[in-house]
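Chain by chain, the residues run as shown.
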Amino acid sequence: MTKDTYCTLPFIHSHMSAGGTFKPCCNAYGTNSKHTVRNSDYTLESWFHGPEMTQLREDMMQGRRNDLCTRCWQDEDRSGHSIRTRMNHKFAQLASGPPAIKYLDLKLTNQCNLQCMMCSPQDSNRIGDEAQQMQQQGLRVPINYANGPTQTMIKSPSIAEINRLLPNIKVLKFTGGEPAIQPEVLTVLDTAIQQGYSKQIELNLTTNATKFNRRLLDKLSEFATVKLNISVDGYGSVYDYIRYPFKWEKWLERIDEIKQYDIKCSYTAVPQLLNIENLHKLQQQLGEDIYLNNYIHPDGIWNSLDIVPKPILQYAVDNIILNDNNKTLINYIKQLIEKGEPAYKERLEDMVTTLKTFDT
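Anyway, here's the lowdown on the structure attached to this text. (Residues numbered from 1 in each chain as written. Predicted model: local features only at pLDDT ≥ 70, side-chain atom pairs only at ≥ 80, totals over all residues. Heavy atoms only, no water.)

**Regarding the pattern of salt bridges**
Pairing between side chains becomes possible if they bear opposite charge and their charged atoms approach one another.
Right, on to step 1. Using the criterion set out here, one finds 17 salt bridges in the structure.
Right, on to step 2. Where Asp 233 meets Arg 243, a salt bridge forms, and the shortest distance between an N and an O atom there is 2.3 Å. Linking Asp 233 in the loop between β7 (225-231) and α11 (237-242) with Arg 243 in the loop between α11 and α12 (248-258), this pair joins segments that are ten residues apart in sequence. Here the two residues Asp 233 and Arg 243 agree in accessibility, since each one is buried.
Right, on to step 3. For Lys 327, the salt bridge identified is with Asp 324, shortest N-O distance 3.5 Å.
Right, on to step 4. By relative accessible area, Lys 327 is classed as partly exposed at 27%.
Right, on to step 5. The class for Asp 324 is exposed, based on a relative accessible area of 61%.
Right, on to step 6. It is possible to trace a salt-bridge network through shared partners that takes in Glu 58, Asp 59 and Arg 64. (Salt bridge = Lys/Arg side-chain N within 4 Å of Asp/Glu carboxyl O. Helix = DSSP H or I, 4+ residues; strand = E, 2+ residues; numbered from the N terminus. Buried < 20%, exposed > 50% of the residue type's maximum accessible area, 1.4 Å probe, protein only.)

Put into structure tokens, the structure is as follows:
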């Protein structure tokens, strides 16, 4: 094993996004990158055993940086940490034996009940609907809203194939959209429960936690372990603004209800222009379990950290409590401060125009 290039995920894990995008993991480049593999003829199994993943595994063992994982290489060169280093620690126990699918990471549809400002139509069908409304009203569509489908549902992996893989699955992860409102996700969960596979499965849901009810929570309790990665991007009114149309106080009520069950909860925030002054308050509210995910922050657009004035960035560094869940973010912000290049006027104007569009 080569420490600097090895990642456990390509040896245990198959990932597919709604729309037919196959990637080594959810952190790999998105649909607009030349590094992305899109092939409607692939299945979860044929992708895992196909030439791209076979080459990736060989490169990792030989110490070569494969382009499919460029985002992790960039993050590691910048800060010394990446999703790769996190996953090696998290899933090392599953990596014994020859490559085999033990972990499914699935985004079945883009159906969602929110339209968060940093997301895209791939993440929420409501965003696709809103982008169309913006066009109809003659408003300039924000760049992250403009790229992607406008239909409510995107092509998803075959439910039959997922069910066929369930007997060997140790970790089952669903992202969205919002998995809690997607019938496809609930169908797979029901099958796992009915066939008895749920007792050997760690179920991971990336969720906004706004749609959990007792019926769903009772269903989750049938799995060996349940971990919720709850997305939350602001404290108080900042939450209300970014994660429209839900409200902070209502979200806190949902979290209190979830805590009545034996469910492990962690929290993830996407650092961005709109919340960088507010994240320390969110950290104080939620404690050490909040992960300030520097890997998925908006990059190079109207909402990215590189156009935030240095005094505000310094305020964030001074107030966010440094721990393992945010050290990559803090290192990145310090680099932005040291770099010291002011944002181009055009980007600042784009930011103002974009916020006016959202407010309209």
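**Looking at the nonpolar core**
Right, on to step 1. One finds Leu 172, Phe 174, Leu 220, Leu 228 and Trp 251 to be the most contacted residues of the largest nonpolar core, which totals 105 residues.
Right, on to step 2. The element contributing the most residues to this core is helix α15 (residues 327-339), with six residues.
Right, on to step 3. Excluding residues that lie within four positions of it along the chain, Leu 172 makes contacts with Leu 104, Leu 106, Leu 166, Val 188, Ile 201, Glu 202, Leu 203 and Asn 204. (Core = buried A, V, L, I, M, F, W, Y, C linked by side-chain atoms within 4.5 Å. Contact = heavy atoms within 4.5 Å.)

**Quick look at the packing of aromatic side chains**
Right, on to step 1. Summed over all chains, the structure comprises twelve aromatic pairs.
Right, on to step 2. Note on Tyr 145 and Phe 358: the rings are 5.1 Å apart at their centroids and 80° apart in plane angle, and the pair reads as edge-to-face. One end of the pair, Tyr 145, is in helix α7 (residues 143-146); the other, Phe 358, is in helix α16 (residues 345-359), with 213 residues separating them in the sequence.
Right, on to step 3. Between Tyr 239 and Trp 251 the ring centres are 5.9 Å apart and the planes differ by 40°, which places this aromatic pair in the tilted class. Here Tyr 239 is found in helix α11, whereas its partner Trp 251 is found in helix α12, with twelve residues between them in sequence.
Right, on to step 4. Residue class for Trp 251 comes out buried when judged on its relative accessible area of 0%.
Right, on to step 5. The rings of Tyr 235, Tyr 239, Trp 248, Trp 251 and Tyr 267 are connected pair by pair, giving a single aromatic cluster. (Phe/Tyr/Trp six-rings, centres within 6.5 Å; stacked < 30°, edge-to-face > 60°.)

**Focus: the pairing of strand β4 (residues 103-106)**
Right, on to step 1. Covered by surrounding structure in β4 are Tyr 103 and Asp 105 together with Leu 104 and Leu 106, the residues of both alternating faces.
Right, on to step 2. Sheet analysis places strand β1 (residues 13-17) next to β4, joined by four bridges and oriented parallel. Within β4, the residue paired with His 13 across the bridge is Tyr 103.
Right, on to step 3. Here β4 pairs with strand β5 (residues 171-174) via four bridges, running parallel. Bridge pairing links Tyr 103 to Val 171 in β5. (Pairing = 2+ DSSP bridges.)

**Some details on the environment of Leu 104**
Right, on to step 1. As for its position among the elements, Leu 104 is in strand β4.
Right, on to step 2. A C-alpha to C-alpha distance of 8.4 Å links Leu 104 and Ile 162, two positions 58 residues apart in sequence.
Right, on to step 3. Look past the residues within four positions of Leu 104 in its chain and what remains in contact with it is Ser 14, Leu 44, Ile 162, Leu 165, Ile 169, Val 171, Leu 172 and Lys 173.

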